[in-house]
Amino acid sequence: LALANLPAPATTTGTSTPASPESLLWPVKDAPYPLAGAILPFKRIVAYYGNFYSTKMGILGEFDEGTVLAKLKSEKAAWEAADPSTPVVMAIDYIAITAQGSPQADTTYKLRMPEEHVQRAIDMARKVEGITILEMQIGYSTLGVELPLLEKYLIQPDVHLALDPEFSMKQGALPPGDEIGTFSSSDINYTINYLSDIVKEHNLPPKVLIVHRFTQNMVTGAANIQPTPEV
């Protein structure tokens, strides 16, 4: 609770009064408490992001592995110095499915990364005892098609998931990059439940699900998103 909420101001005697339940930032009202082993909100995730094919999609494509991991360790140390009370978990956020400006053979405007690249990202994270976050830019494809193709990675306890609504294009939309795409609360709840089932079936610690959002309309019906103890 102390990590997840702003501390109460200290009094002149140097003590602080506990926050009232009404003032707590977390747990969110009516949201389930995460199962044992959950990373959030108990720890801070510091992630480096990108794709090995591109120097313009993040640091993972800009530098060699040794440089990336050295920079990530330095960033971890900076956060630990700034906030010693919050443990830091390092992460590699790898874009495992990238949106494309052209249709590709299956007309979905997306490209799945080679398995050896996905495994390379996972191996990088494990070298620093970190986690991997696999990111999905699905174009005109669907979560129902793409999620099962990542399941062999998601059943591993240190692999988590990110969704990028910007590049989720519904039928009738312009190609990725020409307009901002969307995920609905139904899309996100589908993903939450999919991950929850994986956690239950394989007796895993809870999964982190990141949803990128920089406009309101990228995620429709956000108030209807239902987290679970597993996600």
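Since the model is a prediction, treat every value here as computed from it, not as a measurement.

What counts, and where the lines are drawn
Residues numbered from 1 in each chain as written. Predicted model: local features only at pLDDT ≥ 70, side-chain atom pairs only at ≥ 80, totals over all residues. Heavy atoms only, no water. Helix = DSSP H or I, 4+ residues; strand = E, 2+ residues; numbered from the N terminus. Expected span 1.5 Å × (residues − 1). Buried < 20%, exposed > 50% of the residue type's maximum accessible area, 1.4 Å probe, protein only. Contact = heavy atoms within 4.5 Å. Salt bridge = Lys/Arg side-chain N within 4 Å of Asp/Glu carboxyl O. Phe/Tyr/Trp six-rings, centres within 6.5 Å; stacked < 30°, edge-to-face > 60°. Lys NZ or Arg CZ within 6 Å of the ring centre and 35° of its normal. 1 Å grid on protein atoms, 1.4 Å probe; cavity = no way out; pocket = protein on both sides within 12 Å on 5 of 7 lines; lining within 4 Å. Points joined across faces, edges and corners; volume = space filled by probe spheres on them. Nonpolar A, V, L, I, M, F, W, Y, C, P; charged D, E, K, R; others polar. Arc of directions from axis to C-beta. Pairing = 2+ DSSP bridges.

1. Quick notes on helix H4 (residues 185–202)
For H4, with 18 residues, the first-to-last C-alpha span of 26 Å sits near the 26 Å given by 1.5 Å per residue. Of all the positions in H4, only Ser185, Asp187, Ile188, Asn189, Thr191, Ile192, Tyr194, Leu195, Ser196, Ile198 and Val199 are classed as buried. Elements in contact with the buried residues of H4: helix H3 (143–154), strand E5 (159–163), strand E6 (183–184), strand E7 (209–211) and strand E8 (219–220). Asn203 sits one or two residues past H4 and shows a positive phi near 55°.

2. Considerations on unusual backbone geometry
For the bond from Leu40 to Pro41, the omega torsion is 5°, close enough to zero to count as cis. Assignment of secondary structure puts Pro41 in the segment before strand E1 (44–50). Even without being glycine, Glu129 reaches a positive phi, approximately 55°. Residue position: Glu129 is located in the loop between helix H2 (115–127) and strand E4 (131–136). The phi angle at Asn203 is positive, at roughly 55°, despite the residue not being glycine. Structurally, Asn203 can be placed in the loop between H4 and E7.

3. Observations regarding the pattern of salt bridges
Tallying each qualifying case throughout the model produces nine salt bridges. Arg44 is the salt-bridge partner of Asp83, the closest N and O atoms lying 3.2 Å from each other. Here Asp83, found in the loop between helix H1 (65–82) and strand E2 (88–99), pairs with Arg44, found in strand E1; they are 39 residues apart in sequence, far enough to count as distant. For Lys76, the salt bridge goes to Glu80, with nearest N and O atoms at 2.6 Å. One end of the pair, Lys76, and the other, Glu80, are both in helix H1, four residues apart, so they sit about a helical turn from each other. The class of Glu80 is partly exposed, set by a relative accessible area of 32%.

4. Side note on the packing of aromatic side chains
Evaluation of the coordinates by the stated rule reveals four aromatic pairs. Sitting above the plane of the Phe63 ring, Lys71 keeps its charged end 5.1 Å from the centroid. Here Arg120 stacks its cationic end above the ring of Phe52, 3.8 Å away from the centre of that ring.

5. Some thoughts on the layout of surface pockets
Of the volumes computed, that of the largest pocket is approximately 580 Å³. The wall of the largest pocket is formed by 26 residues, among which Trp26, Leu40, Pro227, Thr228 and Val231 lie closest to the centre. Secondary-structure elements contributing two or more residues to the lining of the largest pocket are H4 and E7. Residues that form the lining of the largest pocket fall into these classes: 21 nonpolar, one polar and four charged.

6. Some words on the side chain of Ser196
Considering the arrangement of structural elements, one finds Ser196 in helix H4. Apart from residues lying up to four places away in sequence, Ser196 is in contact with Thr228, Glu230 and Val231.

7. Quick word on H3
If you check H3, its first and last C-alpha atoms are just 14 Å apart, much less than what 12 residues at 1.5 Å a residue would give, namely 16 Å. Every buried residue of H3 is accounted for by Leu143, Glu146, Leu147, Leu150, Tyr153 and Leu154. Summarising the axial view, the buried residues of H3 lie within an arc of 95°, below the 170-degree limit, and thus occupy one face.

8. Details of the pairing of E2
Across the 12 residues that make up E2, a large majority, 12, are buried. Bridge count between E1 and E2: seven bridges; the pairing is parallel. Counterpart to Val46 in the pairing with E2 is Met90. Where E2 meets E4, six bridges bridge the pair, whose relative direction is parallel. Considered in E4, the bridge of Ile95 is made with Glu135. The sheet contact formed by E2 and strand E3 (residues 110–112) spans three bridges and is antiparallel. For Ala99, the partnering residue across the bridge sits in E3 and is Lys110.

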